[in-house]
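Notes for the structure review
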Amino acid sequence: MTPDKRGQPGGAEVRLENVSFSYGETKLAFDIAFQASRITAVMGPSGSGKSTLLNLVAGFEMPDAGRVLIGGRDVSDMPPSARPVSMVFQENNLFAHLSVEDNVGLGRSPALRLDAADRDAVAEALRHTGLSGKERRLPRELSGGERQRVALARVLVRDRPVLLLDEPFASLGPALREDMLGLVTMVQTERDMTVLFVTHQPEDARRIAQDVVFLDDGRIAAHGDAEGFFTETGPEAFLRYIGRYPADGASRDIARKRT
């Protein structure tokens, strides 16, 4: 792990080393390293294995073979709670009966046994995410964007080197989604975290990703610098996926005329 802007441990490399996983007839295989302290967009068609890849990193799924390493440490047999990872889901996983403050506090103590330092950390996370003054509200009293801010505030108090985002902003409108992407970028910059985020939105990847990993049929079809993915010489399968490459395999000159 590299030191972050506060002199604390920052992001960690995430490596899936010859990992295989199957459910039913579906077979997935991943062999990929995600650089420390960078934002990587994980993209691909529905059913290509994007969420499963994140779940393997988080520990919600266990590989049939291969290893998952975070910061060089083999975490393949560790439960999710022991891994140096935080995850934000599309449905944000807030407890409806708990206040904003308590939902964030769960990131410090699942039993909500919070000391003064914990409560200070919660207050700072709420301030950082623009939720000061809403500590006592319940999730149902918040907008969709505010609920996702609560989920991110919980990430801040956990202070893990790796952040996984499984389409958490998919249900938000364009303006709110843009706002949340900006918040993720700010948090990543300040904490120097390693961020892997699943998205179906090319504009989201272009907005904040430094790298892109493209999955197809349960495999890593392409990976590399985000800027190169969106040029006319980007990976053919990816350009076809985002509608910038002719489906019939015609020349890229035709593709250029369409963009």
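A short note on unusual backbone geometry
With phi around 50°, Asn18 is a residue other than glycine that occupies positive phi space. Examined against the element boundaries, Asn18 turns out to sit in strand S1 (residues 14-23). Here Asp217, not a glycine, exhibits a phi torsion of approximately 55°, which is positive. Considering the arrangement of structural elements, one finds Asp217 in the loop between strand S9 (211-216) and strand S10 (219-225).

Looking at the pairing of strand S4 (residues 65-70)
Relative to S4, S1 is paired through 5 bridges, and the arrangement is antiparallel. When the bridges of S4 are listed, Ser20 appears paired with Ala65. Summarising the sheet, S4 and strand S5 (residues 73-74) pair through 2 bridges and their orientation is antiparallel. The residue bridging Leu69 from the neighbouring strand is Asp74, located in S5.

Description of the sheet that holds strand S6 (residues 85-89)
Taking strand neighbours across the sheet as the criterion, the 6 strands line up as S6-S7-S8-S3-S9-S10 in an open arrangement whose pairing is mixed. Of all the strands in the sheet, the pair left with one neighbour each is S6 and S10. This sheet shows a mean twist of 15° between the axes of neighbouring strands, independent of strand direction. Direction of pairing for strand S3 (residues 39-43) relative to S9: parallel, over a ladder of 4 bridges. Within the sheet, the bridge partner assigned to Val42 lies in S9 and is Val213. Where helix H4 (residues 144-158) meets the sheet, its contacts fall on S6 and strand S7 (162-166), and the angle it forms with S6 comes to roughly 175°.

So, how was this worked out
- Residues numbered from 1 in each chain as written.
- Predicted model: local features only at pLDDT ≥ 70, side-chain atom pairs only at ≥ 80, totals over all residues.
- Heavy atoms only, no water.
- Helix = DSSP H or I, 4+ residues; strand = E, 2+ residues; numbered from the N terminus.
- Pairing = 2+ DSSP bridges.
- Axes fitted to C-alpha atoms, helices over the stretch in contact; angles between N-to-C directions.
- Contact = heavy atoms within 4.5 Å.

Functional significance is not addressed by these values, which are geometric in nature.
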